[in-house]
Every structure is written in C-alpha cells, then in structure tokens.
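# A look at the structure
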Amino acid sequence: MIRVLLVDDHAMLRAGFRAILCTEPDIEVVGEAATGAEGVELAARLQPDVVTMDVQMPDMDGIEATRRIVADPAVTAAVAIVTTFDRDEYLFQALDAGAGGFLLKNAGPEELITAVRALAAGDGILAPEVTRRVLSRFCATPVAEAQERTAPARAHVLAEPLTDRESEVLALMADARSNAEIARGLFIGEATVKTHVSRVLQKLGARDRVQAIVLAHRHGLTR
C-alpha cells in the first residue's frame with residue numbers, strides 16, 4: 001500500500017483528495033493536517049510514502065514544511081506540492097526545498113493518482129503547464145558561465161562519472177521524456193531505461209527525476 005498524508009488548510013479539499021485516492025486499491029490515506037507545522041509533525045510520526053502539500057497555510061507555509069520534511073533523515077516521504085497558485089516563485093522555491101512534484105489543483109483525479117504512484121516509485125512529476133518553465137529557467141544560464149562551471153560542477157555533483165548511455169538517458173530526462181519515450185528513442189527496453197535512471201539518480205545523489213533534472217541543468221551536465 002502507498003501511504004499518503006494530506007496537508008491542506010481547507011477541509012473540503014482534503015476530503016476531495018481522500019475520496020479520489022481511497023478509490024484506488026493500492027493507496028491509503030493515513031492522515032490529514034491543516035497546517036504546515038502539523039504536516040511536519042505527522043510526517044515524522046506516521047511515516048507516509050507521499051505527502052501532498054498546499055502552499056499557503058497558517059503557522060508554517062508549505063515550502064518551509066517541505067524543506068523540513070525532506071531534511072529530516074528519519075522521514076523518507078516524497079512531497080508533492082498541490083496548489084491553486086501557478087506562480088514561478090512557488091514552483092522554484094518548492095523545487096529548491098526538495099519537492100518531488102508540483103501539481104495544480106485544477107488537475108484531474110487521474111493526474112493526482114498518477115502523481116502519488118510516481119512519487120512512491122521514486123519518480124518526480126510536474127504539471128504539464130510548468131514543465132517547460134522549469135526547463136527554460138535552468139537552460140537560461142549564459143553559455144560562457146555554464147562552460148566555466150561545468151568541470152568543477154561535474155566533480156562536485158557526480159559521485160562517479162556517468163557512462164555515455166547514462167548521459168544520453170539524463171539528456172532525455174532533462175527534455176521531460178518518459179521512460180517509454182526514452183526507450184523508443186534509444187531503441188532499448190523500458191526495464192533497461194529504469195536501470196539507467198536509477199544509476200543516474202544514484203550518481204547525482206538525487207531523490208527523484210525532478211531533482212536530477214534541476215541538478216543537470218544547474219551544473220551544466222546537459223546541453
């Protein structure tokens with residue numbers, strides 16, 4: 001079972017998320033929190049696999065709550081920001097805080113279910129509306145600056161060098177390709193792609209695909 005903690009200050013939204021998720025046989029909602037501080041406390045106590053996190057809440061906002069959950073070595077939950085506000089400041093603050101997903105509340109039920117399963121499997125997920133903005137932000141670094149910091153960044157970020165195939169897989173991940181699309185593009189099986197993705201995450205020290213993409217663009221590991 002995928003254990004989910006819902007963090008949102010609107011009880012009706014939490015009830016809606018619970019109703020959507022509890023229709024799935026492999027998903028269980030184990031707790032609800034109405035504030036960021038309560039979400040941090042429940043994440044440590046309940047040990048969920050996934051936390052859905054609102055941004056604007058009393059006591060502590062969702063960005064700070066995400067940062068604390070991700071920083072707690074005793075908590076292994078992946079956090080998905082689920083917000084009404086499609087703002088770049090929230091998006092990039094959430095990614096910097098360690099969120100593995102960013103969804104908008106106008107997403108359909110299937111998108112929420114897919115996001116929970118993806119995060120539980122160790123993948124990251126972004127709303128289609130924001131994926132291109134993420135890539136644009138991290139591809140916007142001037143060429144000279146990127147070239148200047150590429151070598152030291154590789155040495156600092158990578159636990160060990162990527163193989164040629166792993167570099168190809170990372171480049172396609174950074175282009176927001178799914179495992180199936182990567183497999184078709186490289187003429188290999190999806191199981192092989194999953195192995196390469198796992199190795200890339202391990203070498204980058206990334207929690208999920210989203211963090212790997214951010215690191216890749218930030219440190220000049222892809223074009």
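Residues numbered from 1 in each chain as written. Predicted model: local features only at pLDDT ≥ 70, side-chain atom pairs only at ≥ 80, totals over all residues. Heavy atoms only, no water.

## Quick notes on the packing of aromatic side chains
What the rule picks out here adds up to 1 aromatic pair. Centre to centre, the rings of phenylalanine 85 and tyrosine 90 are 6.1 Å apart; their planes meet at 75°, and the pair counts as edge-to-face. The partly exposed category is assigned to phenylalanine 85, whose relative accessible area is 28%. On the basis of relative accessible area, tyrosine 90 is assigned to the buried category, the value being 10%. (Phe/Tyr/Trp six-rings, centres within 6.5 Å; stacked < 30°, edge-to-face > 60°. Buried < 20%, exposed > 50% of the residue type's maximum accessible area, 1.4 Å probe, protein only.)

## Looking at the pattern of salt bridges
The final tally for this structure, using the stated rule, is 13 salt bridges. Between lysine 105 and aspartate 54 there is a salt bridge whose closest N-O contact spans 3.4 Å. Linking lysine 105 in the loop between strand S5 (101–104) and helix H5 (109–120) with aspartate 54 in the loop between strand S3 (50–53) and helix H3 (62–71), this pair joins segments that are 51 residues apart in sequence. Between glutamate 64 and arginine 67 there is a salt bridge whose closest N-O contact spans 2.9 Å. One end of the pair is glutamate 64 and the other is arginine 67, both in helix H3 and 3 residues apart, which spans about a single turn. Classification of glutamate 64 by relative accessible area gives partly exposed; the value is 25%. Assessed through its relative accessible area of 36%, arginine 67 is described here as partly exposed. (Salt bridge = Lys/Arg side-chain N within 4 Å of Asp/Glu carboxyl O. Helix = DSSP H or I, 4+ residues; strand = E, 2+ residues; numbered from the N terminus.)

## Description of the nonpolar core
Counting 50 residues, the largest nonpolar core has Val4, Leu21, Met53 and Phe102 as its most contacted members. Ranked by the residues each element gives to this core, the list is headed by helix H4 (residues 88–97), at 6 residues. Setting aside its immediate chain neighbours within four residues, leucine 21 contacts Val4, Leu6, Ile27, Val29, Leu112, Ile113 and Val116. (Core = buried A, V, L, I, M, F, W, Y, C linked by side-chain atoms within 4.5 Å. Contact = heavy atoms within 4.5 Å.)

## Side note on unusual backbone geometry
Phi angles above zero are rare outside glycine, and glutamine 47 is one such case at about 50°. Mapped onto the secondary structure, glutamine 47 falls in the loop between helix H2 (36–46) and S3. The class for glutamine 47 is partly exposed, based on a relative accessible area of 32%. At aspartate 59, a position not held by glycine, the phi torsion is positive, near 70°.

## Notes on the side chain of arginine 209
Locating arginine 209 in the fold gives a position in helix H11 (residues 209–218). Side-chain polar atoms of arginine 209 contact the side chain of asparagine 179, separated by 2.6 Å. What arginine 209 contacts, discounting residues up to four positions off in sequence, is Gly122, Asp123, Gly124, Met173, Arg177, Ser178, Asn179, Ile182, Val197 and Leu201. (Polar contact = N/O pair within 3.5 Å; in protein donor to acceptor, adjacent residues only side chain to side chain.)

## Comments concerning the sheet that holds S3
One open sheet holds the 6 strands; their spatial order is S2-S1-S3-S4-S5-S6, and the pairing between them is parallel. The open sheet is flanked by strand S2 (27–33) and strand S6 (125–126), the only strands paired with a single partner. Inspection of the sheet shows strand S1 (residues 2–7) paired to S3 by 4 bridges, in the parallel sense. Bridging from a neighbouring strand, valine 4 pairs with valine 50 of S3. Sitting on the sheet, helix H1 (residues 11–21) is in contact with S1, S2, S3 and strand S4 (78–83), with an inclination near 170° to S2. (Pairing = 2+ DSSP bridges. Axes fitted to C-alpha atoms, helices over the stretch in contact; angles between N-to-C directions.)

## Describing the environment of glycine 185
With respect to the element layout, glycine 185 can be found in helix H9 (residues 179–186). The exposure class of glycine 185 is partly exposed, given its relative accessible area of 45%. Residues glycine 185 and leucine 172, 13 residues apart in the sequence, show an inter-C-alpha distance of 8.7 Å.

## Examining the pairing of S2
Examined bridge by bridge, S1 and S2 share 6 bridges and lie parallel to one another. Along S2, the bridge assignment pairs arginine 3 with glutamate 28. Following the chain from S1 across H1 to the adjacent parallel S2, one finds a crossover that is right-handed. (Right-handed = clockwise from strand over helix to strand, strands pointing away.)

## Considering the confidence of the model for the protein chain
Taken as a whole, the protein chain shows an average pLDDT of 85; of its residues, 86% reach a score of 70 or greater. A low-confidence stretch, residues 141–156 stays under pLDDT 50, and its non-local contacts, those more than four residues away or across chains, total 10 contacts. (pLDDT = per-residue confidence, 0-100.)

## Quick look at the packing of H1 against H5
Between H1 and H5, whose axes approach to 10 Å, the crossing angle comes to 75°. Viewed along their axes, H1 and H5 adopt a mutual orientation that is roughly perpendicular. Where H1 approaches H5, its residues Phe17, Ile20 and Leu21 are matched on the opposing element by Pro109, Leu112, Ile113 and Val116. Class assignment of the residues belonging to the contact of H1 with H5 gives a composition of 7 nonpolar, no polar and no charged. (Parallel < 35°, antiparallel > 145°, perpendicular 65-115°, else oblique. Nonpolar A, V, L, I, M, F, W, Y, C, P; charged D, E, K, R; others polar.)

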